[in-house]
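Chain by chain, the residues:
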Amino acid sequence: MIDFHTHPVLVEEMVIRYPELEKAAREVFFIGNRLQPLETFLLELDISGLQRAVLLPLETTRTRGLPIYSNEQIAELVAMAPERFVGFASVDPLAPDAPDRLERAVADLGLRGLKLSPPSQEFYPGDRAVYPLYERAQALGIPVIIHAGMSWEPRARLVWGHPLHLEPVLADFPHLRIVATHFAWPWSLEVAALALRYPNLYVDTAALYFDNPDDFITDLLVRRVPLTLIEHSLRHQVVFGSNYPRVEIKNMARAVRRVGLSEKTLTMVFEENALRLLGDSER
Amino acid sequence: MIVKLEQITVQSRAGQELVDITPEVERIIAASGVRNGLVNVLTKHTSAGIIVTEGLECLEQDVVDHLERLAPDRPQEYAYYHNRYLDFDGRLGFNAGAHLKSILSGYFACFPIAEGQMVRGGRQRIYFAEYDGPLAREVVVQIIGE
């Protein structure tokens, strides 16, 4: 079972090696919690009944002055627990050499997906300037996970995160597997409509904006988006994500497991859909 | 007068558990050179505690279970005001139950030291109490004496 949405911003061993990672955690990602040893991350997975986590960096040098992990740092962290971590890459989507940087991250560093965030990288996903990057990701056969919905980051404006900005990309790249994060809250019904319309769109569950994981996930997946819509129509397109360390993996996993989905659908959400996204499954 | 301060890290491995730290405290006392005085043991965290009780696995489970009954993480009849976005943390606070358990159990323990030994009952153990793990936690041990 896989957590498809984690940020390794508080891993103490990496901050000791690269002190600028703490500045990125505090000032760009914006989190105040204490650093924790890598063991804490792995224990979080263990007590949540999960085997692996996708590690997401974010190339924010152009907009924020420094990145939240470089691709090389993500690869280094994956090497510390290769059986537990799946590393993704990030590039500046507007940089002319972005496609080549992505290809090097995949070919040379073994990274397995691309992370983009329109609110933090300040671009519209449908901008034609980004199309060469999508073409390369599609050619490489890797998934693209794109921030959708509200962001807590200080300078991240909501408008960049509206999921309808994804529609041209979904339409023009039907073979590119795209994950919209955070169930695009508060535009969750809109992203559900997109997922109905475009089978190459996935959504992750890494959403918590008020109350607690149990209550929020119930509100999101039962009231805002009818649970039957997921159970009957979108169960192949929802993946579990926690947004760790903004939310403990254990709490988000418990909330999703208890929301009322069938066991078969939970298996898809926690494992099968992630494997398909990563290209580890033919289904 | 000798005053020594040492910090130890406790890696909790579960959401809620008791971790016996008595041997660590005794090691620090022995290394301090203090023959007669006091030892203070306190946690630096507000979602954890320090407990003194008998060192039995069954009792450890009862303590954890009873604190959960007194201050549940997810109460059915009410909601915590702490369930809100904390701008200084960049995340929501939804661990009010852990904070309340910390208040109920307390955050410190104090024992006399006589002839270089901690004076405690034969069944008394000092536990670090985790209410929001797994996390790497800090415990401060201060020894005052001569």
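Everything below is about the structure printed above this text.
Residue positions are given per chain, counted from 1 along the sequence in the order it is written. Going through the entries in the order they are written, you letter the chains from A and number the ligands from 1. Note on the predicted model: pLDDT of at least 70 is required for a residue's local features to be given, and 80 or more for side-chain atom pairs to be given and counted; whole-chain, interface and lining totals, by contrast, use all residues. Remark: hydrogens and water are excluded; side-chain values derive from all non-hydrogen atoms of the structure.

Engineer: Just give me the short version of the overall build of chain A, but keep the residues and values in it.
Structural biologist: Labels follow the DSSP assignment, with helices taken as runs of H or I lasting at least four residues and strands as runs of E lasting at least two, numbered in each case from the N terminus. Tallying secondary structure elements over chain A gives 14 helices and eight strands in all. To get the radius of gyration, use the C-alpha atoms; to get the globule rule, take the number of residues to the power 0.38 and multiply by 2.2 Å. Relative to the 2.2 N^0.38 estimate, which gives 19 Å for 283 residues, the radius of gyration of chain A is 17 Å and therefore close to what a compact globule would have. Per-residue burial for chain A yields a buried fraction of 63% across its 283 residues. In chain A, of all internal contacts separated by at least 6 residues, the share reaching a separation of at least 24 is 77%. Total accessible area computed for chain A in this model is approximately 10400 Å², and 52% of it derives from carbon and sulfur atoms. Treating the 29 positive side-chain charges of chain A as one cloud and the 37 negative ones as another, the clouds have centres 3 Å apart. Three exposure classes are used, based on accessible area relative to the maximum for each residue type with a 1.4 Å probe and protein chains only: buried under 20%, partly exposed in between, and exposed over 50%. Two residues form a contact once any of their heavy atoms are found within 4.5 Å. The protein chains shown are the only cover counted for residues, whose accessible areas, like all others here, come from Shrake-Rupley with a 1.4 Å probe. All tallies of charge rest on Lys and Arg as positive and Asp and Glu as negative; His and the ends of each chain are not included. To locate a charge, take atom NZ for lysine, CZ for arginine, CG for aspartate or CD for glutamate.

Engineer: Describe the overall build of chain B, with residues and values.
Structural biologist: Secondary structure assignment for chain B yields three helices and 10 strands. In chain B, the succession of α and β elements from N to C terminus is β-β-α-β-β-α-β-β-α-β-β-β-β. Taking the principal axes of the C-alpha coordinates as reference, chain B spans close to 50 × 35 × 20 Å. Across the 146 residues in chain B, those meeting the buried criterion constitute 47%. In chain B, the proportion of contacts linking residues at least 24 apart, taken out of those at least 6 apart, comes to 82%. Total accessible area computed for chain B in this model is approximately 7300 Å², and 54% of it derives from carbon and sulfur atoms. Put simply, chain B has 14 plus and 20 minus side-chain charges, and the middle of one group is 3 Å from the middle of the other.

Engineer: Please set out the interface of chain A and chain B residue by residue, giving values where relevant.
Structural biologist: Residue-level contacts link 27 residues of chain A with 23 residues of chain B. Note: buried area is the sum, over both parts, of the accessible area (probe 1.4 Å) each one loses when the two are combined. On the chain A side of the interface with chain B, the three residues burying the most area are A:Arg34, A:Leu43 and A:Trp152, jointly 23% of the side's total. In the sections that follow, a salt bridge refers to a side-chain nitrogen of Lys or Arg positioned within 4 Å of a carboxyl oxygen of Asp or Glu. At the junction of chain A and chain B, the tally comes to five salt bridges. Residues B:Arg74 and A:Asp214 are paired through a salt bridge, measuring 2.8 Å at the closest nitrogen-oxygen approach. Side-chain atoms alone can form a polar contact between residues adjacent in sequence; in general such a contact is a pair of N or O atoms within 3.5 Å, and within protein one must be able to donate a hydrogen while the other accepts it. Counting the contacts that link chain A with chain B gives 13 residue pairs in polar contact (both at pLDDT 80 or more).

Engineer: An account of the side chain of B:Glu138 is requested, with residue identities and associated values reported.
Structural biologist: When you line up the elements, B:Glu138 lands in strand S10 (residues 136–145). Using a relative accessible area of 17% as the deciding quantity, one classes B:Glu138 as buried. Here the side chain of B:Glu138 touches A:Arg34 through a polar contact of 2.9 Å, side chain to side chain. Within the local environment of B:Glu138, its side chain forms a polar contact with the side chain of B:Gln7, the two groups lying 3.3 Å apart. Sequence-distant contacts of B:Glu138, defined by excluding residues within four places in its chain, comprise A:Arg34, B:Gln7, B:Ile8, B:Thr43, B:Lys44 and B:His45.

Engineer: How would you explain the pattern of salt bridges if you had to name every residue and give the values?
Structural biologist: Per the counting criterion, the structure on display carries 31 salt bridges over all chains. Measuring nitrogen to oxygen at the nearest pair gives 2.7 Å for the salt bridge that ties B:Arg13 to A:Glu39. Highlighted residues: B:Arg13 in the loop between strand S1 (2–11) and strand S2 (17–20) and A:Glu39 in helix H3 (residues 38–47), drawn from two different chains. Judged by its relative accessible area of 45%, B:Arg13 falls in the partly exposed class. Classification of A:Glu39 by relative accessible area gives partly exposed; the value is 32%. The residue B:Glu138 makes a salt bridge to B:Lys44 at a minimum N-O spacing of 3.1 Å.

Engineer: For the packing of aromatic side chains, give the residues involved together with the corresponding values.
Structural biologist: Any two aromatic rings considered together are summarised by their centre-to-centre distance and by the angle between their planes. Classification of ring pairs rests on two measures: the distance between centres of Phe, Tyr or Trp rings, Trp counted by its six-membered ring, which must be within 6.5 Å, and the angle between planes, read as stacked under 30 degrees, edge-to-face over 60 and tilted in between. On inspection of all chains with the given rule, the structure shows 17 aromatic pairs over all chains. Here the aromatic rings of A:Trp185 and A:Tyr209 are separated by 4.7 Å at their centres, their planes lie at 15°, and the arrangement is stacked. Taken together, the residues A:Trp185 in the loop between strand S6 (178–180) and helix H10 (188–197) and A:Tyr209 in the loop between strand S7 (201–204) and helix H11 (213–224) connect sequence positions 24 residues apart. A:Tyr209 gets classed as buried once you look at its relative accessible area, which sits at 7%. Aromatic ring contacts, followed pair by pair, group A:Trp152, A:Trp185, A:Tyr209, A:Phe210, A:Phe216 and B:Tyr85 into a single cluster. A cation over a ring is seen here: A:Arg246 above A:Phe29, with NZ or CZ 3.9 Å from the ring centre. Taking NZ or CZ as reference, A:Arg257 lies 4.6 Å from the ring centre of A:Phe270, over its face. Here, a charge over a ring means that NZ of Lys or CZ of Arg falls within 6 Å of the ring centre while also lying within 35 degrees of the ring normal.

Engineer: Could you give me a rundown of the environment of B:Gly49, with the residues and numbers involved?
Structural biologist: Residues and elements named next belong to chain B. Assignment of secondary structure puts Gly 49 in strand S4 (residues 48–54). Through-space distance from the C-alpha of Gly 49 to that of Leu 104 is 8.6 Å; in sequence the pair is 55 residues apart. In contact with Gly 49, other than residues within four places in its own chain, are Thr 43, Ser 105, Gly 106, Tyr 107, Tyr 127, Phe 128, Ala 129 and Tyr 131.

Engineer: I'd like to hear about helix H1 (residues 22–32) of chain B, residue by residue, with values.
Structural biologist: Residues and elements named next belong to chain B. Of the positions making up H1, those classed as buried are Thr 22, Val 25, Ile 28, Ile 29 and Ser 32. Buried residues of H1, viewed axially, fall in a sector of 130°; they line one side. When the buried face of H1 is taken as reference, the exposed residues oriented beyond 90 degrees from it are Ala 30 and Ala 31. Once H1 finishes, Gly 33 follows within two positions and takes phi at roughly 80°, a positive value. Our arc is simply the arc of the directions from the helix axis toward the C-beta atoms.

Engineer: Account for empty space enclosed by the protein, naming residues and giving values.
Structural biologist: All names here are of chain A. Using only the protein atoms, space was sampled on a 1 Å grid; points where a 1.4 Å probe fits but cannot get out form cavities, open sets with protein on both sides within 12 Å along at least five of seven lines form pockets, and lining residues are those with an atom within 4 Å of a point. Grid points are joined across faces, edges and corners, and a volume is the space filled by probe spheres set on the points. With the rule as written, the count across this model stands at two cavities of 30 Å³ or more. The volume enclosed by the largest cavity comes to roughly 190 Å³. Along the wall of the largest cavity there are 19 residues; nearest its centre are His 7, Phe 29, His 147, Glu 153 and His 182. Here the lining of the largest cavity is composed, by residue class, of eight nonpolar, eight polar and three charged. Three classes are used: nonpolar for Ala, Val, Leu, Ile, Met, Phe, Trp, Tyr, Cys and Pro, charged for Asp, Glu, Lys and Arg, and polar for all others, with Gly counted as polar.

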